[in-house]
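# Coordinate analysis (summary)
What follows is each chain in one-letter form.
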Amino acid sequence: MDIFLQACVNGLMIGGFYSLMGMGQNVIFGVMKIINFCHGEMLMVGMYLSYVFYEYLGIDPYFSLPLVALVMFIAGAVFQHTLITPSLGTKSFTNLLFLTVGMGILLTNGAQVIFSSDYRTITTDYSSTILSIGPITVALSRVVSFCALIAVSIALAFFLKCTKTGKKIRAVSQNPIGAQVVGIDTKKIYMITYGLGAALAGISGALLTLFYVINPTAGSNFGFRALIVVVVGGLGSISGAFFAGIFLGLLETLVSLFIGPSLRTLVVFATFIVILVIRQNIILRRK
Amino acid sequence: MSNIIEVENISKSFEGLKAVSNVSFYVEEGKITGMIGPNGAGKSTTFNMICGYYPPTSGLIKYKGNDITGKRAYEFADMGIARTFQIMKPLGNLSVLDNVASSAFFGRHKAKNMRQAREIAAEILEFTGLISKRNVLAREMGTPDQKRLEMARALATKPDMLFLDEVMAGLNPTETEGAIDLIRRINSGGVTIFLIEHIMRAVVSLCEKVIVLHHGEKIAEGTPNQVMNDSYVMEVYLGDGGAN
Amino acid sequence: MKKKILYILLFALLAVMLILPEYIAKMPYILNVFILAFYMTTMSMAWNLLGGMTGQNSIGHACFMGIGAYTSAICIVNFGLNPWVSLPIAIIVTALITAVVFSQCFILRGPYFTLVTIAFAEAVRQIILNWDFAGKAIGIGLPYVRGNSWLMFSFRDRTIYYYVAFAMMIDVYLVMKYIDNSKLGFALKTIREDEDVAAAIGIRPLKYKVIAVVISASVSAIAGFFYACYYRYIDPNIMLQSSSVEIVLPAIIGGSAFVEGPLVGGILMVSLSEYLRNTFGGILPGINLILYAIVLIVVIRFRPTGILGFFDRRGRE
């Protein structure tokens, strides 16, 4: 029972990251209808940014969070404006897909050239603090990060629901032409959206640094899972992404516990395929 | 004259919303039949059901006496039914010639090889007046030519029955004349035509029979003149449609 | 006139390629680069049938190749079969698996299809990783044979692999060229442009998409067989997503709308990338992939139809 509870807590913690990654991917997918294939790599960049701020400027990872988010936002917006937006015009899904694939390769290997493929970690004076609640133990940093994740998620939901820009983003994602007709500058929204997605990935990365090794391929695990979260949680649904992420985290840890860690990925991916196919069949049947 | 298409009481609901209810009519072989109605009258839905794009919720569709209600869209070409799309769907990255050649490979021509397919395609482009643009990429053409291409592609399947979905929308008067002339020539070649159209002038000059839909129901049927003078049609269709 | 010059050039190139091993036989590294380039180009052409011609973007082709390689290796090592018996078995197994899985998955369109290919590839890799019979993470090593043996498909003389790979690439190219101008090719291209139109003119999209994926996977399986016999060792890493991505890049860079796209992109990029890896790999690991990515991004940004798009005359008349 204790092991079970511990697994649940672990699943919850990792699921939070899947959720936040999924939300970023969801906003991008919703607005531009493209898979952002370098989402995991953007997380990795966030990790390194956090690392640089800590290592060279001595800023605590939690305090550098806004900085990381800002840098990622700007970088994302620039990438969107200079490369993705022009390619959106060609309506070639293949090109858009591989544009982000190319960006991912560039980021991974760029990081490898700059930082080498060594594993790096950030050690603060609180990183070895462990909290124990009854039989369950959790590192303090994980708890803090998880709370931060929740806060960011709520802030994002609020932003999309209540602010003018958020409403514009939702309008564009529902009907880009209609949005253009009522005077929304779609190109600007694209920039903001992609910047937002990049910032969310960056925040996820920065929050991971305290208990996860930093290396150029650290993001690849999260990239595809973010996509699973988007598809299972439902396009355009922030709460859907949130619960799908938590569910995925729990599923992974519980499969590890009951079936074995080596079969974890297999079960998750096979389940994903089956869910996709069954759901599409239901959609088609309804037509 | 026999009826090539018979539609019996078809209805279609989308998630509880009734788009078409209990529509019945028939299309006589060798003639041009039109369907008109205000926006949202259910014309396109009816059209799509008959073409097998989606099945009706209830009702029966017969082609040459055989029930075709549950048939899938890709089975229609072999039976000799072809259609155009209201929102033009050119095969954008293929040349105009290849757009049509693709139909010649399938449909009922069943071209054996590339040369034969392109020969058939060239013939049809000649007929539809697109031959001078045969090497242009389909996506780089203007609306009038893309509308023509829709017809050429449908024609290349060698149909007995051709469904045209607003092939004259967005054309200027001269281009409309050209399209009317083309449809007439297709018809005189023995192809039965069923068309949806907003441009009344075209409907009046082409169709021998017109069906009027409103709110998903058939409200009138007859020659263009009969229909145009029907008081109910005038009220619902021309009354609120204004200059339409 | 222009065409004639092109043909002469092509024949000259072909002749150069055929006598080249005479001169580079003593340089195993360069020979290896060529063999790798031929192999990658073959894979890229296989991808292009499904991706470029049919418009179904797969990021799982390394897995088709992996199934082929693993089936061959298991047949040769575990069952002691002759390679020439193993090859058709590998093709059939790969074709069957893809036909069964993708006849279900093709109802998914666009990005969703891409996601399924990724998940499928990773799932297969995980199965291999957990499967004792297939050597788990350690992989399978193929036995070496003394000297050159066509019967055992194992050669000490690497130039033979060069010719085999070259022949494989040219044959696959000819097959693809044939498909491009055939009824099948037209069906696939029509599906790529618009599935509704395809159905309206009598093409059953699902049927042709399955045909495309089965041919594509079978070609990948042949390439996988070659890979296993050439390197004489395979492990689950050959099926990594990054390998799948690398397979696609030559096609996109060369121009995925053209049958020749992967050929141009593959020969150009693989040789360039390998050269960089060799020259700078020690100091700056990953530099070749950075260049790859930059070329990819630049091509997509400024010439969306790929390098061959420069020479495409259609639509400019």
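For the structure, check the block above.
Computed from a predicted model, the values in this text were never measured in an experiment. (Residues numbered from 1 in each chain as written. Chains lettered and ligands numbered in written order. Predicted model: local features only at pLDDT ≥ 70, side-chain atom pairs only at ≥ 80, totals over all residues.)

Attention now moves to the overall build of chain A. What chain A contains, in helices and strands, is eleven helices and two strands. Starting at the N terminus, the α and β elements of chain A follow one another as α-α-α-α-β-β-α-α-α-α-α-α-α. Here the C-alpha radius of gyration of chain A, 19 Å, is about what a compact globule of 287 residues would show, namely 19 Å. C-alpha atoms of chain A, sized along the principal axes, occupy 60 × 50 × 35 Å. Here chain A holds 287 residues, and the buried ones make up 51% of them. The contacts of chain A with a sequence gap of at least 6 include a subset with a gap of at least 24, amounting to 77%. (Helix = DSSP H or I, 4+ residues; strand = E, 2+ residues; numbered from the N terminus. Rg over C-alpha atoms; globule rule 2.2 N^0.38 Å. Buried ≥ 20, exposed ≤ 12 C-beta atoms within 10 Å, placed from the backbone. Contact = placed C-beta atoms within 7 Å.)

Quick look at helix H1 (residues 2–24) of chain C now. Two residues of an α-helix separated by three or four positions point the same way, owing to the 3.6 residues in each turn. Residue and element names in this part refer to chain C. Its 23 residues place the ends of H1 32 Å apart at the C-alpha level, agreeing with the 33 Å of an ideal helix rising 1.5 Å per residue. The largest bend along H1 measures about 35 degrees and falls at Leu-18, with the proline Pro-21 one to four residues further on. Burial analysis of H1 places just zero of its 23 residues in the buried class, a small minority of the element. (Expected span 1.5 Å × (residues − 1). Bend = angle between axes of the 7 residues up to and from the residue.)

With 39 residues of chain C at the contact, the number on the chain A side is 37 residues. Secondary structure elements with two or more residues in the side of chain C that touches chain A: helix H4 (83–105), helix H5 (111–129), helix H10 (241–254) and helix H12 (287–302) of chain C. In terms of residue count, the dominant contributor to the side of chain C that touches chain A is H5 of chain C (13 residues). Partitioning the side of chain C that touches chain A into residue classes produces 28 nonpolar, nine polar and two charged. (Nonpolar A, V, L, I, M, F, W, Y, C, P; charged D, E, K, R; others polar.)

Residues and elements named next belong to chain B. Spatial strand order, E6-E7-E8-E3-E9-E10: six strands in an open sheet with mixed pairing. Each of the sheet's edge strands pairs with one partner strand only, and the pair in question is strand E6 (81–83) and strand E10 (217–222). Averaged over all adjacent pairs, the angle separating strand axes in this sheet is 15 degrees, with direction ignored. The pairing of E6 with strand E7 (residues 161–165) spans three bridges and is classified as parallel. For Arg-83, the partnering residue across the bridge sits in E7 and is Phe-163. Against the sheet, helix H1 (residues 43–50) makes contact with strand E3 (32–36), E7, strand E8 (192–196) and strand E9 (209–214), and its axis sits at roughly 150 degrees relative to E7, the strand it touches most. (Pairing = 2+ DSSP bridges. Axes fitted to C-alpha atoms, helices over the stretch in contact; angles between N-to-C directions.)

Glancing now at helix H4 (residues 93–115) of chain A. All names here are of chain A. For H4, built from 23 residues, the straight-helix expectation of 33 Å at 1.5 Å per residue is met to within 8% by its first-to-last C-alpha distance of 33 Å. Along H4, 18 of the 23 residues are buried, which leaves the element largely enclosed by surrounding structure. Downstream of H4 by one or two residues, Ser-116 has phi in the positive range, about 60 degrees.

What follows concerns the nonpolar core. Formed by 277 residues in total, the largest nonpolar core has its most connected members in Ile-203 and Val-229 of chain A, Val-100 and Ala-121 of chain B together with Leu-296 of chain C. It is helix H9 (residues 205–231) of chain C that contributes the most residues to this core, 16 residues altogether. Taken domain by domain, this core gets at least three of its residues from each of domain 1 (28–55 + 71–80 + 159–244) and domain 2 (91–158) of chain B. Ignoring anything within four residues of it in the chain, the contact list for Val-100 of chain B reads Ala-121, Ile-124, Leu-125, Ala-152, Arg-153 and Ala-156 of chain B. (Core = buried A, V, L, I, M, F, W, Y, C linked by C-beta atoms within 7 Å. Domains from an automatic or database assignment.)

Once that is clear, we can look at the interface of chain B and chain C. Listed as interface residues are 25 residues of chain B and, on the opposing side, 19 residues of chain C. At the level of elements, helix H2 (76–79) and helix H3 (96–105) of chain B are the ones that each hand at least two residues to the side of chain B that touches chain C. Looking at the side of chain B that touches chain C element by element, the count peaks at four residues for H3 of chain B. Taken together, the residues of the side of chain B that touches chain C sort by class into twelve nonpolar, eight polar and five charged.

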